[in-house]
Amino acid sequence: MIERIPFGSTGHESSRALFGAAALGRMRQDKADAVLKTLLEFGVNHIDTAAGYGDSELRIAPWMKTHREDFFLATKTRERDARGARESLEHSLLRLGVERIDLIQLHNLVEAEEQKQALGPGGALEALVDARDAGLVRYIGVTGHGTFAPRRHLDSLRQFPFDSVLAPCNFAMLAQAEYAADFEELYAMCQQRGVAFQTIKSVARRRWSEADEGPRHSWYHPIRDHAALRRAVHFVLARPGLFLSTSSDTTLLRPTLEAAADRAAQPGDAAMAEDVHRLGIEPLFVRGVSDTV
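A brief structural summary. Note that this is a predicted model, so its numbers are computed, not measured. (Residues numbered from 1 in each chain as written. Predicted model: local features only at pLDDT ≥ 70, side-chain atom pairs only at ≥ 80, totals over all residues. Heavy atoms only, no water.)

1. Digging into the sheet that holds strand β3 (residues 17–20)
Here's step 1: Taken together, eight strands build a closed barrel; the order of strands is β3-β4-β5-β6-β7-β8-β9-β12 and the barrel is parallel. On average, adjacent strands in this sheet sit at an angle of 30° to one another, irrespective of strand direction.
Here's step 2: As paired elements, strand β7 (residues 137–143) and strand β8 (residues 164–168) share three bridges and run parallel to each other. Within β8, the residue paired with Thr143 across the bridge is Leu166.
Here's step 3: Against the sheet, helix α8 (residues 177–193) contacts β8, β9 (196–200) and β12 (242–245), and its axis sits at roughly 160° relative to β8. (Pairing = 2+ DSSP bridges. Helix = DSSP H or I, 4+ residues; strand = E, 2+ residues; numbered from the N terminus. Axes fitted to C-alpha atoms, helices over the stretch in contact; angles between N-to-C directions. Contact = heavy atoms within 4.5 Å.)

In structure tokens form, the structure reads like this:
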């Protein structure tokens, strides 16, 4: 079973591997049911979806009828104004078939102007706080992709006591000095303030190239080598307090959860560097080059 630790200061003990429910966005219900059964097998008790993940919320809804108490349920909104965020939240509640969501997150808040709008008067945060006060949500978080995500989260946390953050984390991303510096500062702040720190892209290999063949179950080329995948998972989970969100490629769900259930020590830099060289691993996001999905 996968270890559970406090999800920041929320009082909930979440499995350190969180289910990234973008995987369900284009999936039939029977296949989604099989995936969700796998979560129970490994003790995963935290689902992270979003209003923008296709039919993901609809695929989760049938499970909430019988397993609502088994999962900490998180979703996201991309809306930046109060009215849009409230409507998005209400739509998610309806699609998920629940009366309350555990965590609502401002989705990919990395642009300065969007941050200013979302956190300012009449912004999305205002609506989410009202929804929390009304009992529709319990906690509020912020997520981000790209190399500026940790820096923007630092700004957001200075303006509002968010309960959680989310940012990319893998060996290749942290090999970039600017990104690593921002990430470490954010990690330290989260540890100090009791903010849950979720990570994404742990098993990312690189972006797809035109020469790549075979099915593409996620927007990036994942690590499929078994030993390298395990090291990639352990690289994240060896650090105290970090949570790992699983890939949208469900063919990697079981090996990822198996690795997460094995509390191995952090792999050495030499082994990680060898995986980078052998598999051609590259950072998904490079400042000034490829900073968007």
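Let us keep going from here.
2. Details of the packing of aromatic side chains
The description of an aromatic ring pair uses the distance of the two centres, along with the angle that the planes make with each other.
Here's step 1: As enumerated under the stated definition, the model contains 10 aromatic pairs in all.
Here's step 2: Here the aromatic rings of Trp219 and Phe285 are separated by 6.0 Å at their centres, their planes lie at 50°, and the arrangement is tilted. Here the residue Trp219 occupies a position in the loop between β10 (204–207) and β11 (220–222), and Phe285 occupies one in the segment after α11 (269–279), the gap between them amounting to 66 residues.
Here's step 3: For Phe285, a relative accessible area of 0% puts it in the buried group.
Here's step 4: Counting every residue linked through ring pairs, the aromatic cluster contains Phe7, Phe72, Tyr139 and Phe243.
Here's step 5: Directly above the aromatic system of Tyr187 lies the positively charged group of Arg239, at a separation of 4.8 Å from the ring centroid. (Phe/Tyr/Trp six-rings, centres within 6.5 Å; stacked < 30°, edge-to-face > 60°. Buried < 20%, exposed > 50% of the residue type's maximum accessible area, 1.4 Å probe, protein only. Lys NZ or Arg CZ within 6 Å of the ring centre and 35° of its normal.)

3. Some words on the pairing of β3
Here's step 1: On β3, burial covers both faces: Ala17 and Phe19 on one face and Leu18 and Gly20 on the other are all buried.
Here's step 2: Relative to β12, β3 runs parallel, the two being bridged by two bridges. Bridging across to β12, Leu18 finds its partner in Ser245.
Here's step 3: A crossover links β3 with its parallel partner strand β4 (residues 46–48), the connecting element being helix α1 (residues 29–42), and its sense is right-handed. (Right-handed = clockwise from strand over helix to strand, strands pointing away.)

4. A closer look at the pattern of salt bridges
Here's step 1: Tallied over the entire structure, the rule returns 24 salt bridges.
Here's step 2: Among the salt bridges present, the one from Arg83 reaches Glu87, with a minimum N-O distance of 3.3 Å. You can see Arg83 and its partner Glu87 sitting in helix α3 (residues 82–96), four residues apart, about one turn around the helix.
Here's step 3: Of the charged contacts in the structure, one is a salt bridge between Arg206 and Asp212, with a shortest N-O distance of 2.8 Å.
Here's step 4: By relative accessible area, which is 16% here, Asp212 ends up buried.
Here's step 5: Through salt bridges with shared partners, one network takes in Arg151, Glu178, Asp182 and Arg287. (Salt bridge = Lys/Arg side-chain N within 4 Å of Asp/Glu carboxyl O.)

5. What about helix α2 (residues 56–67)?
Here's step 1: The end-to-end C-alpha distance of α2, which contains 12 residues, comes to 16 Å, matching closely the 16 Å that a straight helix rising 1.5 Å per residue would cover.
Here's step 2: Every buried residue of α2 is listed here: Ser56, Glu57, Arg59, Ile60, Ala61, Trp63, Met64 and His67.
Here's step 3: At its buried positions, α2 is contacted by α1, β4, β5 (72–77) and α3. (Expected span 1.5 Å × (residues − 1).)

6. With respect to the packing of α1 against helix α10 (residues 253–261)
Here's step 1: Across the interface, α1 lies against α10 with an axial gap of 11 Å and an inter-helix angle of 10°. By the angle between their directions, the pair α1 and α10 is classed as roughly parallel. Where α1 approaches α10, its residues Val35, Thr38, Leu39, Glu41 and Phe42 are matched on the opposing element by Leu253, Arg254, Leu257 and Glu258.
Here's step 2: Each residue belonging to the contact of α1 with α10 can be placed in one class, and the counts come to five nonpolar, one polar and three charged. (Parallel < 35°, antiparallel > 145°, perpendicular 65-115°, else oblique. Nonpolar A, V, L, I, M, F, W, Y, C, P; charged D, E, K, R; others polar.)

Honestly, that's just the spatial picture; any functional story needs more than this.
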